[in-house]
Amino acid sequence: MDSFNYDFLLEQLKKILLNVELTKDDLVSCDKTINNVQEGLLYLSNCVQELNEFSSNICKGNLDAPLPGRHNLLTGGLKELHGVLKHLTWQTQQVANGDYAQKVIFLGDFSESFNEMIRQLEERENKLKENAITLKKTTDLLKVIMDAHSDWIVVEDIESGVIIYNNKEEAYQLETFSLRQIHFTKMDSALANEETTIYYNEILKSYHALRSYDFLWEGKRALVHYVSDVTKEQTNQLNLTQIAYSDALTGCYNRRFCFNEIKKRLTVNDSFSITLIDINDLKIVNDNFGHNQGDYYINYVTKCTIQHIDHTTEYLCRIGGDEFVVISTLSYLEMEQKMQSVFNEIIAASPKEYTMSISYGIQEVETGCGNSIEKILDECDQKMYLFKQEYKLSRGA
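Treat the numbers as computed from the prediction; the structure is a model and nothing was measured.

So, about the sheet that holds strand β2 (residues 163–166). A sheet is described by the order of its strands in space; here five strands give the open sequence β2-β1-β5-β4-β3, paired in antiparallel fashion. Edge strands, defined here as strands with exactly one partner in the open sheet, are β2 and β3 (197–201). When strand polarity is set aside, the average angle formed by the axes of neighbouring strands in this sheet is 30 degrees. As defined by bridge partners, strand β1 (residues 152–157) adjoins strand β5 (residues 220–229) across six bridges and the pair is classed as antiparallel. Its bridge partner being in β5, Ile-153 is matched across the sheet by Tyr-226. Packing against the sheet, helix α5 (residues 231–245) makes contact with β3, β4 (206–217) and β5, and its axis sits at approximately 130 degrees to β4.

Here's what the structure looks like:
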């Protein structure tokens, strides 16, 4: 062969090594020997191309790609690797389905790692199963205890808000004693705490203490609402509060309540008015007609005043023997009109033996005034004194 043939054949071989596919168009018409060599190079090129494509599919995990033909002796090792990977894929799927009997014995160090992974997976699953059984037994025992408990216990799924346990299903039907009626609301576990909130149930006319806990219930995050009937305790507390803040003779609020309420209103910086009422000539009535008649006088003033105030926004307090305070949200002029009606009604109801009347002073407390309770009452007292003097002058006293 001449140098042209050698150079041409070397160029074709270089293309094969560079993964450039040869075609029949690359063949040249030469003598028979050269043609045979070219045919061999074309066959080699096809085998290399098939080898590269097959190895690329394996690298990409495409194990369903077509296998090279039997004529390609270059891909024998890759075909064996392909078969191993296909079998390993099947074994992995079996492991995923819970078959931990699978073992790999033909991939050296990988086999040891794979088999150790399966062993650990089986061990962890067995522990999870044991924990699940223990958890179920614990939950079952907890249900038995809660079913027998006298208080109401409700378990609420945090994500859905669905009630998944209720130990008083028969005693408290959800239609008549529902979570909504005692103001349960779906809340994030961060809001669940051990602080107790008292609710009043309008249907049952009873008080209930609610405490909520973040809890793991049958593997799910839940809120456990613990509800206790505290009607007796709450009623006792309300009675004690009423006693502590009530005047024994008149039943209206006392001095302690008055000062606490004024202090609270000064704290929230809302404007309000204070009316100081003084019963005129109470000492004369006590001295001349007896203390029973004096008590009647006090109670009648209380009754007339209470009839003219709004019990949702106004409070009547007895702060001394003959002194009362009305705490109101009304303005000075509005309270002046109201107190004039009270004054006229008391005058009109006076017995023949003596005259019943009151003197009063009204002070409107502006938002953020910064005055103390003592200063506010002192200003009321000054206005009340002027009213009393004007009243005495009108009577010619």
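That covers the picture; the talk isn't over yet.
When pLDDT is averaged along the chain, the result is 81; 86% of the residues meet or exceed 70. Note on residues 171–192: pLDDT under 50 across the span, and 48 contacts to partners over four residues away in sequence or across chains.

When the charged atoms of two side chains lie near each other, side chains of opposite charge can form a pair. Across all of its chains, the model carries 14 salt bridges by this definition. In this structure, Glu-116 engages Arg-119 in a salt bridge whose closest nitrogen and oxygen atoms are separated by 2.6 Å. Of this pair, Glu-116 and Arg-119 are both found in helix α4 (residues 109–147), three residues apart, which corresponds to roughly one turn of the helix. For the salt bridge of Asp-214 with Arg-221, the shortest nitrogen-to-oxygen distance reads 3.9 Å. Members of the salt-bridge network, linked through shared partners, are Glu-116, Arg-119, Glu-123 and Lys-127.

With that out of the way, let us pick up the packing of aromatic side chains. Tallying each qualifying case throughout the model produces 11 aromatic pairs. Here Tyr-253 and Tyr-315 contribute two aromatic rings whose centre-to-centre distance is 5.5 Å and whose plane-to-plane angle is 75 degrees, an arrangement assigned as edge-to-face. With Tyr-253 in the loop between α5 and α6 (255–268) and Tyr-315 in strand β7 (residues 315–318), the pair connects residues that are 62 residues apart, well separated along the chain. Centroid distance Phe-289 to Tyr-354: 5.1 Å. Interplanar angle 45 degrees. Geometry classified as tilted. In this pair, Phe-289 sits in helix α7 (residues 282–289) while Tyr-354 sits in the loop between α9 (332–348) and β9 (358–365), placing the two residues 65 residues apart along the sequence. The buried category is assigned to Tyr-354, whose relative accessible area is 8%. The ring of Phe-272 has Arg-265 sitting right over it, with the charged end atom 5.9 Å from the ring centre.

The next subject is the layout of surface pockets. Considering only enclosed or pocket space, the largest pocket measures out at about 190 Å³ in volume. What lines the largest pocket is a set of 13 residues, and nearest its centre among them are Gly-251, Cys-252, Tyr-253, Tyr-315 and Leu-316. Looking at the lining of the largest pocket, the elements with two or more residues in it are α5 and β7. Among the elements that take part in the lining of the largest pocket, α5 stands out by supplying three residues, more than any other. When the residues that make up the lining of the largest pocket are grouped by side-chain class, the tally is seven nonpolar, five polar and one charged.

Going residue by residue along β7, you find Tyr-315 and Cys-317 tucked away on one face and Leu-316 and Arg-318 tucked away on the opposite face as well. In this sheet, strand β8 (residues 323–328) lies alongside β7 in antiparallel orientation, the contact comprising four bridges. Bridging from a neighbouring strand, Arg-318 pairs with Phe-324 of β8. The turn joining β7 and β8, which pair antiparallel and follow one another in sequence, is formed by four residues.

In this section: the sheet that holds β8. Taken in spatial order, the four strands line up as β7-β8-β6-β9 in an open sheet, and their pairing is antiparallel. Of all strands in the sheet, those bounded by a partner on one side alone are β7 and β9. Strand after strand, the sheet turns through a mean of 20 degrees between neighbouring axes, direction not considered. Set on the sheet, α9 makes contact with β6 (272–279), β8 and β9; between it and β9 the angle comes to about 170 degrees. Contacts between helix α10 (residues 373–395) and the sheet are confined to β6, β8 and β9, with β9 contributing the most and set at about 140 degrees to the helix.

Core analysis: the biggest nonpolar cluster contains 26 residues, and Tyr-297, Met-339, Ile-358 and Tyr-360 have the highest contact counts within it. Those elements giving two or more residues to this core turn out to be β6, α7, α8 (291–307), β8, α9, β9 and α10. Beyond its immediate stretch of four places on either side in the chain, Tyr-297 contacts Ile-279, Asn-280, Asp-281, Leu-282, Val-285, Tyr-354, Thr-355, Met-356 and Ser-357. Residues Cys-258, Ile-262, Tyr-315 and Cys-317 belong to the second largest nonpolar core, which totals 18 residues.

Checked against the element boundaries, Lys-392 lands in helix α10. Classification of Lys-392 by relative accessible area gives partly exposed; the value is 36%. A sequence separation of 112 residues divides Lys-392 from Asn-280, and the C-alpha atoms of the two residues are 9.8 Å apart.

What follows concerns a nonpolar patch on the surface. Taken together, the side chains of Leu-10, Leu-13, Leu-17, Leu-44 and Leu-74 present a nonpolar region at the surface, about 470 Å² in accessible area. Considering each element in turn, the nonpolar patch owes the most residues, three residues, to helix α1 (residues 3–17). Relative to the elements of secondary structure, Leu-17 occurs in helix α1.

Basis of the calculations
Residues numbered from 1 in each chain as written. Predicted model: local features only at pLDDT ≥ 70, side-chain atom pairs only at ≥ 80, totals over all residues. Heavy atoms only, no water. Pairing = 2+ DSSP bridges. Helix = DSSP H or I, 4+ residues; strand = E, 2+ residues; numbered from the N terminus. Axes fitted to C-alpha atoms, helices over the stretch in contact; angles between N-to-C directions. Contact = heavy atoms within 4.5 Å. pLDDT = per-residue confidence, 0-100. Salt bridge = Lys/Arg side-chain N within 4 Å of Asp/Glu carboxyl O. Phe/Tyr/Trp six-rings, centres within 6.5 Å; stacked < 30°, edge-to-face > 60°. Buried < 20%, exposed > 50% of the residue type's maximum accessible area, 1.4 Å probe, protein only. Lys NZ or Arg CZ within 6 Å of the ring centre and 35° of its normal. 1 Å grid on protein atoms, 1.4 Å probe; cavity = no way out; pocket = protein on both sides within 12 Å on 5 of 7 lines; lining within 4 Å. Points joined across faces, edges and corners; volume = space filled by probe spheres on them. Nonpolar A, V, L, I, M, F, W, Y, C, P; charged D, E, K, R; others polar. Core = buried A, V, L, I, M, F, W, Y, C linked by side-chain atoms within 4.5 Å. Patch = residues over 30% accessible without salt bridge, like charges linked within 9 Å, V, L, I, M, F, W, Y side chains within 5 Å. Areas by Shrake-Rupley, 256 points an atom, 1.4 Å probe, with all protein chains shown as cover.

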